[in-house]
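Each chain, letter by letter, is given below.
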Amino acid sequence: RYRAALIIQAGMRGALGRRRLRRQHETAMFLQKHFRRVIVRLRLLRLQAFLDMYKQWYRYKKRQRAIDLIQRAERRRKVYAQMRLVNSTATYIQKIHRSWHARRRLTAMHHGAAIIQAYWPGREQRRHFLALKHLQRLLATKVRRRRAQKLDLDKKLLPSLKVTGL
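What comes next concerns the included structure.

The rules behind these values
For every chain, the first residue of the written sequence is number 1, and numbering continues from 1 along that sequence. In keeping with the model being predicted, local features are shown solely for residues with a pLDDT of at least 70 and side-chain atom pairs are shown and tallied solely at 80 or more, while totals for entire chains, interfaces and linings include all residues. With hydrogens and water excluded, all non-hydrogen atoms of the structure serve as input to the side-chain values. Only DSSP runs of H or I reaching four residues or more are called helices, and only runs of E reaching two or more are called strands; each is numbered from the N terminus. Radius of gyration here is computed from C-alpha atoms only, and the compact-globule reference equals 2.2 Å multiplied by the residue count raised to the power 0.38. To sort residues, take the accessible area from a 1.4 Å probe on protein chains only and compare it with the maximum for the residue type: under 20% means buried, over 50% means exposed, and anything in between is partly exposed. For every accessible area listed, the method is Shrake-Rupley and the probe measures 1.4 Å; residues are considered covered only by the protein chains on display. Neither His nor the chain ends contribute to the count of charged residues, in which Lys and Arg are positive and Asp and Glu negative. Throughout, a charge is located at the NZ atom of Lys, the CZ atom of Arg, the CG atom of Asp or the CD atom of Glu. A pairing counts as a salt bridge when a side-chain nitrogen of Lys or Arg comes within 4 Å of a carboxyl oxygen of Asp or Glu. The patches reported here contain residues having more than 30% relative accessible area and no salt bridge. Joining distances are 9 Å for like charges and 5 Å for nonpolar side chains (Val, Leu, Ile, Met, Phe, Trp, Tyr). A pair of Phe, Tyr and Trp rings is counted when the ring centres sit within 6.5 Å of each other, with Trp represented by its six-membered ring. The angle between the planes then sorts it: under 30 degrees is stacked, over 60 is edge-to-face, the rest tilted. Think of a polar contact as two N or O atoms within 3.5 Å of one another; within protein, one of them needs to be a possible hydrogen donor and the other a possible acceptor, and neighboring residues in sequence only count if both atoms come from side chains.

1. With respect to the overall build of the chain
- Along the chain, the regular secondary structure elements total two helices and zero strands.
- Relative to the globule expectation of 15 Å for 166 residues, the C-alpha radius of gyration of the chain, 63 Å, shows a markedly less compact shape.
- With 166 residues in all, the chain has 1% of them scored as buried.
- Approximately 16600 Å² of the chain is accessible, and the part contributed by carbon and sulfur atoms is 63%.
- With 45 positive and 7 negative side-chain charges, the chain shows a spacing of 14 Å between the two charge centroids.

Written out as structure tokens, the structure is:
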């Protein structure tokens, strides 16, 4: 009898142990299944958030490119307008300078004509005066040369006079 009770108890413990093991296994399977579902949902939410963020970034970049294009066109328009203004200003300054330079040349030509016209009547007198001045220089040069020759001759003769004692 004792042995039969032990066999029954052992069988019961084995059956209860198997049932507990099966429940533990089912519980573990249930927990793992739900945990995987939660993980997949979290990954999906992260992926969805990333996609939303990427869409926003893409829209921002697209908008930014459009803004850049508009700003570039506006800057280019302003630069061209400024260049046209500078070119027209430079052309105007050049025109003013050319007309001033032409007036200056014309004034110089008028002045030159007046000088030539004033010079012409006295030309012969000046020519005569310059000829006389030239002759005077020639005479002065000849006189200086003769004096120099005379001094050279005197210098040559003086040493010979000192030697003779005269």
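2. Description of the pattern of salt bridges
- Considering all chains together, one arrives at one salt bridge under this definition.
- The partner of glutamate 74 in a salt bridge is arginine 77, and the shortest N-O contact between them spans 2.6 Å. Taken together, the positions of glutamate 74 and arginine 77, both in helix H1 (residues 2–119) and three residues apart, correspond to about one turn of that helix.
- Looking at glutamate 74, the relative accessible area reads 33%, which means it is partly exposed.

3. A closer look at a positive patch on the surface
- Taken together, the side chains of Arg72, Arg75, Arg76 and Lys78 present a region of like positive charge at the surface.
- Locating arginine 75 in the fold gives a position in helix H1.

4. Some thoughts on the packing of aromatic side chains
- Applying the stated criterion to the full structure yields two aromatic pairs.
- For the ring pair tyrosine 54 and tryptophan 57, a centre distance of 5.7 Å and an interplane angle of 35 degrees mean the geometry is tilted. One end of the pair is tyrosine 54 and the other is tryptophan 57, both in helix H1 and three residues apart, which spans about a single turn.
- Between tyrosine 54 and tyrosine 58, the ring centres sit 6.5 Å apart and the planes meet at 25 degrees, which makes this aromatic pair stacked.

5. Thoughts on a nonpolar patch on the surface
- A cluster of nonpolar residues, Leu44, Leu47, Phe50, Leu51, Met53, Tyr54, Trp57, Tyr58 and Tyr60, forms a patch on the protein surface that exposes about 960 Å² of accessible area.
- Mapped onto the fold, leucine 47 is located in helix H1.
- The exposure class of leucine 47 is partly exposed, given its relative accessible area of 46%.

6. What about the environment of threonine 27?
- Structurally, the position occupied by threonine 27 is in helix H1.
- Using a relative accessible area of 42% as the deciding quantity, one classes threonine 27 as partly exposed.
- Within the local environment of threonine 27, its side chain forms a polar contact with the backbone oxygen of arginine 23, the two atoms lying 2.6 Å apart.

7. Some words on the environment of arginine 22
- Relative to the helices and strands, arginine 22 resides in helix H1.
- The exposure class of arginine 22 is partly exposed, given its relative accessible area of 49%.
- For the pair arginine 22 and leucine 153, spaced 131 residues apart in sequence, the C-alpha separation works out to 156 Å.

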